[in-house]
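Each chain, written out:
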Amino acid sequence: MTEASAPPHRGTRLSRDARRAQLLLAARDVFAAHGYHAAAMDDIAERAGVSKPVLYQHFPGKLDLYHALLTTYADELVGRVERAITSTNDNQLRVEAAVAAYFDFVAGEGQAFRLVFESDLRSEPEAAAVVDGALTRCIDTVADVVTADAGLDAPRARMLAVGLVGLSQIAAQYWLDSDRAIPREEAVALMSGFAWRGLAGFPLVHD
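What counts and what doesn't
- Residues numbered from 1 in each chain as written.
- Predicted model: local features only at pLDDT ≥ 70, side-chain atom pairs only at ≥ 80, totals over all residues.
- Heavy atoms only, no water.
- Helix = DSSP H or I, 4+ residues; strand = E, 2+ residues; numbered from the N terminus.
- Buried < 20%, exposed > 50% of the residue type's maximum accessible area, 1.4 Å probe, protein only.
- Core = buried A, V, L, I, M, F, W, Y, C linked by side-chain atoms within 4.5 Å.
- Contact = heavy atoms within 4.5 Å.
- Salt bridge = Lys/Arg side-chain N within 4 Å of Asp/Glu carboxyl O.
- UniProt positions renumbered as here; feature names shortened; annotations may be inferred.
- pLDDT = per-residue confidence, 0-100.
- Axes fitted to C-alpha atoms, helices over the stretch in contact; angles between N-to-C directions.
- Parallel < 35°, antiparallel > 145°, perpendicular 65-115°, else oblique.
- Left-handed = near helix turned anticlockwise from the far one by under 90°.
- Nonpolar A, V, L, I, M, F, W, Y, C, P; charged D, E, K, R; others polar.
- Phe/Tyr/Trp six-rings, centres within 6.5 Å; stacked < 30°, edge-to-face > 60°.

### Topic: unusual backbone geometry
Note: most peptide bonds trans; most residues except glycine with negative phi.
Part 1: Residues other than glycine seldom take positive phi values, yet Asp179 does so here, at roughly 60°.
Part 2: Considering the arrangement of structural elements, one finds Asp179 in the loop between helix H8 (154-177) and helix H9 (184-199).
Part 3: According to the relative accessible area criterion, Asp179 is exposed, its value standing at 67%.

### Some details on the nonpolar core
Part 1: Among the nonpolar cores identified, the biggest contains 66 residues, and Phe31, Ile44 and Leu65 are the most heavily contacted of them.
Part 2: A total of 12 residues in this core trace back to one element, the largest contributor, which is helix H4 (residues 62-86).
Part 3: When residues no more than four places from it in sequence are discounted, the contact partners of Ile44 are Leu23, Ala26, Ala27, Val30, Phe31, Leu55 and Leu65.

### Some words on the pattern of salt bridges
Part 1: The final tally for this structure, using the stated rule, is 12 salt bridges.
Part 2: With a shortest N-O distance of 2.5 Å, Asp140 and Arg158 are connected by a salt bridge. With Asp140 in helix H7 (residues 125-150) and Arg158 in helix H8, this pair connects stretches of sequence that are 18 residues apart.
Part 3: Given the relative accessible area of 29%, Asp140 is considered partly exposed.
Part 4: Salt bridges sharing common partners tie together Arg28, Asp29 and Arg47.

### Here's the deal with the UniProt feature "DNA-binding region" (unreviewed entry) in the protein
Part 1: As annotated in UniProt, the feature "DNA-binding region" (unreviewed entry) corresponds to residues 40-59 in the numbering used here.
Part 2: Along residues 40-59 one finds 75% helix and 0% strand; the C-alpha atoms at either end are 13 Å apart.

### Some points on the UniProt feature "domain: HTH tetR-type" (unreviewed entry) in the protein
Part 1: UniProt feature "domain: HTH tetR-type" (unreviewed entry): in the numbering of this structure it lies at residues 17-77.
Part 2: As a span, residues 17-77 carries 87% helix and 0% strand, and end to end its C-alpha atoms are 21 Å apart.

### Regarding the side chain of Gln169
Part 1: For Gln169, the location among the structural elements is in helix H8.
Part 2: The buried category is assigned to Gln169, whose relative accessible area is 17%.
Part 3: Discounting chain neighbours no more than four positions away, the residues touching Gln169 are Tyr102 and Phe117.

### Regarding the confidence of the model for the protein
Part 1: When pLDDT is averaged along the protein, the result is 90, and 91% of the positions lie at 70 or above.
Part 2: Averaged pLDDT values for the elements of the protein fall to 89 in helix H6 (residues 112-117) and rise to 97 in helix H2 (residues 41-48).

### Observations concerning the packing of H7 against H8
Part 1: The N-to-C vectors of H7 and H8 enclose an angle of 125°; their axes lie 8 Å apart at closest approach. Comparing their axes, H8 and H7 come out oblique. Once H7 is placed against H8, the crossing between them reads as right-handed. From H7, Leu135, Thr136, Cys138, Ile139, Asp140, Val142, Ala143, Val146 and Thr147 reach across to H8, where they touch Ala154, Ala157, Arg158, Leu160, Ala161, Val162, Leu164 and Val165.
Part 2: Grouping the amino acids of the contact of H7 with H8 by side-chain chemistry returns 13 nonpolar, two polar and two charged.

### Let's talk about the packing of aromatic side chains
Part 1: All chains considered together, the criterion is met by six aromatic pairs.
Part 2: Arranged with centres 4.9 Å apart and planes meeting at 85°, the rings of Phe31 and Tyr66 form a pair that is edge-to-face. Of this pair, Phe31 sits in helix H1 (residues 16-38) while Tyr66 sits in helix H4, and the two are 35 residues apart along the sequence.
Part 3: Relative to Trp175, the ring of Phe103 lies with its centre 5.3 Å away and its plane at 50°, an arrangement referred to as tilted.

Take a look at the structure:
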């Protein structure tokens, strides 16, 4: 258990927002370790160092808790990609930053990425909508830049955006699952260079 996720002693008084954040951290650890179906609210309460009534005061049920957690990390991923794309006007650096955003997300503490990419609840409509919505927002962010800078129409720009987002996600997951066989910086450079060689073939129509 890391210091950041260690629960406070029982009886510690926290603000409502701080308590909610604490419960989400505990839920992240339990869901990431066991999956949605095998996780129990008892386990989450114990992990957080609170009683079950306290947990239910914030989240009426396990599905509500999971949705809140899934939304939190889906929004985090989208925010990373949006910041990467808007961090520079240099398109090659944009590609590198976007790829790096996925690598940083999958390498984050608590394997939160598994809740987004590998959830055993993907068949549940509301959970699927959260994940699909995050994917769509990432694609939209990239597609807007491709449309403006390469002068492509929306369907073609979107196809390229899907390619970059898909490449970044799958490569980042593979890198983590292969025990980070090569350093993160080198992995990002390899994949962003691969992606850029394809995107650079489209002429820049806006300086």
